[in-house]
Amino acid sequence: VGGLVLQECINSNEISEIISISRKPSGIKHEKLTEIIHTDFTDYSTISDSFENIDVAYFCIGVYTGAVSRDIFREITVDYTIEFTKMLKSKSPDASFCFLSGAGADRKEKSRMMFAKDKGIAENFLFEQNLKNLFVFRPAYIYPVTPRKEPNFSYVVSRKLYPMLKALMPNSVITSELLAKAMFKTGLNGKGQITFENKEIKKL
């Protein structure tokens, strides 16, 4: 999704400059793109200048359940979000912030599901910051338009069943392209502090 949001930014005439902070090179070259390869997402002090004069931030960092240990999952889901937000707020306090969360995120922080609890913790932190414009996106199953190696068996099954799921439960699925377009447009034009569930994302 982050890669698709990046492509939306590159293709838009409304965007004059893009700063992408990622773990590995994207292979994308463009005159308005500056790509920063960063290794420690709990410390942005060495690249703090890159957070200045930002109008919109799209935060799409995440990890699949089961792909890493419990502690690493919490670090990526919660700690990465906290440290990025702190730096953005200190350097560009008026920036709009688009956060990729997920369906079922539990802001009561009581869920036994690791994903739901940790996404809820991250969301709570974001809303506590009183950001000028904050948009939290909670997609359900994201159908990846481009081919990829699925991260686990459930995603293999979901991909095969996507046509049926789309027909029977259209509000429980969304394509990666549609999600990226919704995030991009909302970052440019949205106002306030809003949480979008899957059905609402599709309407965007």
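Residues numbered from 1 in each chain as written. Predicted model: local features only at pLDDT ≥ 70, side-chain atom pairs only at ≥ 80, totals over all residues. Heavy atoms only, no water.

**Some points on the overall build of the protein chain**
Which entries qualify depends on this criterion: Helix and strand assignments follow DSSP, with helices taken as H or I runs no shorter than four residues and strands as E runs no shorter than two, numbered in order from the N terminus. The quantity called the radius of gyration is restricted to C-alpha atoms. Its globule counterpart is 2.2 Å times the number of residues to the power 0.38. When accessible area is computed with a 1.4 Å probe and restricted to protein chains, residues below 20% of their type maximum are described as buried, those above 50% as exposed, and intermediate ones as partly exposed. Residue contacts are counted whenever heavy atoms from the two residues lie within 4.5 Å of one another.
Scanning the protein chain from N- to C-terminus turns up six helices and eight strands. Start at the N end of the protein chain and walk to the C end: the helices and strands fall as α-β-β-β-α-β-α-β-β-α-β-α-β-α. Radius of gyration (C-alpha) of the protein chain: 17 Å, near the 17 Å computed for a compact globule of 204 residues. For the protein chain, the spread of C-alpha atoms along the three principal axes comes to 45 × 40 × 30 Å. Looking at the 204 residues of the protein chain, the share that counts as buried comes to 42%. Restricting to contacts in the protein chain with at least 6 residues of sequence separation, those with at least 24 account for 64%.

**Thoughts on the sheet that holds strand β8 (residues 193–197)**
For the record, the criterion: A pair of strands counts as paired when DSSP detects no fewer than two bridges linking them. Helix axes are fitted only over the stretch in contact, all axes being lines through C-alpha atoms; the angle between N-to-C directions runs from 0 to 180 degrees.
Within the open sheet, the four strands sit side by side as β3-β4-β5-β8. Their pairing is parallel. Bordering the open sheet on either side are β3 (56–59) and β8, each of which pairs with just one other strand. Ignoring strand direction, the axes of neighbouring strands in this sheet form an average angle of 10°. Strand direction decides the pairing type here: strand β4 (residues 96–100) and strand β5 (residues 133–138), joined by five bridges, are parallel. Looking across to β5, one finds that C98 is bridged to F135.

**What about the pairing of β5?**
Rules: Look down the strands so they point away from you; if going from the first strand over the helix to the second traces a clockwise path, that crossover is right-handed.
With six of six residues buried, β5 is to be regarded as a mostly interior element. Neither face of β5 is left uncovered, since the one carrying N133, F135 and F137 and the one carrying L134, V136 and R138 both have all their residues buried. Taking the sense of rotation as the criterion, the β-α-β connection linking β4, helix α3 (residues 114–128) and β5 turns out right-handed. In terms of strand pairing, β5 meets β8 through five bridges, oriented parallel.

**Notes on the environment of T195**
With respect to the element layout, T195 can be found in strand β8. The partly exposed category is assigned to T195, whose relative accessible area is 21%. Sequence separation between T195 and R138 is 57 residues, and the spatial gap between their C-alpha atoms is 7.4 Å. Discounting residues that sit within four places of it in the chain, T195 has contacts with R107, F127, V136, R138 and E200.

**With respect to the environment of L33**
By the secondary structure assignment, L33 is in strand β2 (residues 33–37). The buried category is assigned to L33, whose relative accessible area is 12%. Along the backbone, L33 and P144 are 111 residues apart, and their C-alpha atoms lie at a distance of 24 Å. In this structure, L33 is in contact with L6, I18, S20 and I28, ignoring residues within four places of it in sequence.

**Looking at helix α2 (residues 70–91)**
In an α-helix, one full turn covers 3.6 residues, which means residues spaced three or four apart are oriented alike. Rules: Expected span of a helix, by definition, is 1.5 Å for each gap between consecutive residues, and there is one gap fewer than residues. The reported bend at a residue is simply the angle between two axes, fitted to the 7 residues ending at it and to the 7 residues beginning with it.
Taking 1.5 Å per residue, 22 residues should reach 32 Å; α2 reaches 31 Å between its end C-alpha atoms and fits that length. The sharpest bend along α2 measures roughly 30° and falls at I76. All buried positions along α2 are accounted for by F73, I76, T77, V78, Y80, T81, I82, F84, T85, M87 and L88.

**With respect to the nonpolar core**
For clarity, the cut-off: Note on terminology: a nonpolar core comprises buried Ala, Val, Leu, Ile, Met, Phe, Trp, Tyr and Cys residues joined through side-chain atoms within 4.5 Å.
Counting 25 residues, the largest nonpolar core has Y44, F51, F59, F84, L88 and F97 as the members making the most contacts within it. Of all the secondary structure elements, the ones that give two or more residues to this core are β3, α2, β4, α3 and β5. Per-element accounting of this core gives the leading share, seven residues, to α2. Residues in contact with F97, not counting those within four places in the same chain, are A57, F59, F84, T85, L88, L126, L131, N133, L134 and F135. One finds Y58, A180, F184 and F196 within the second-largest nonpolar core, a separate group that totals 20 residues.

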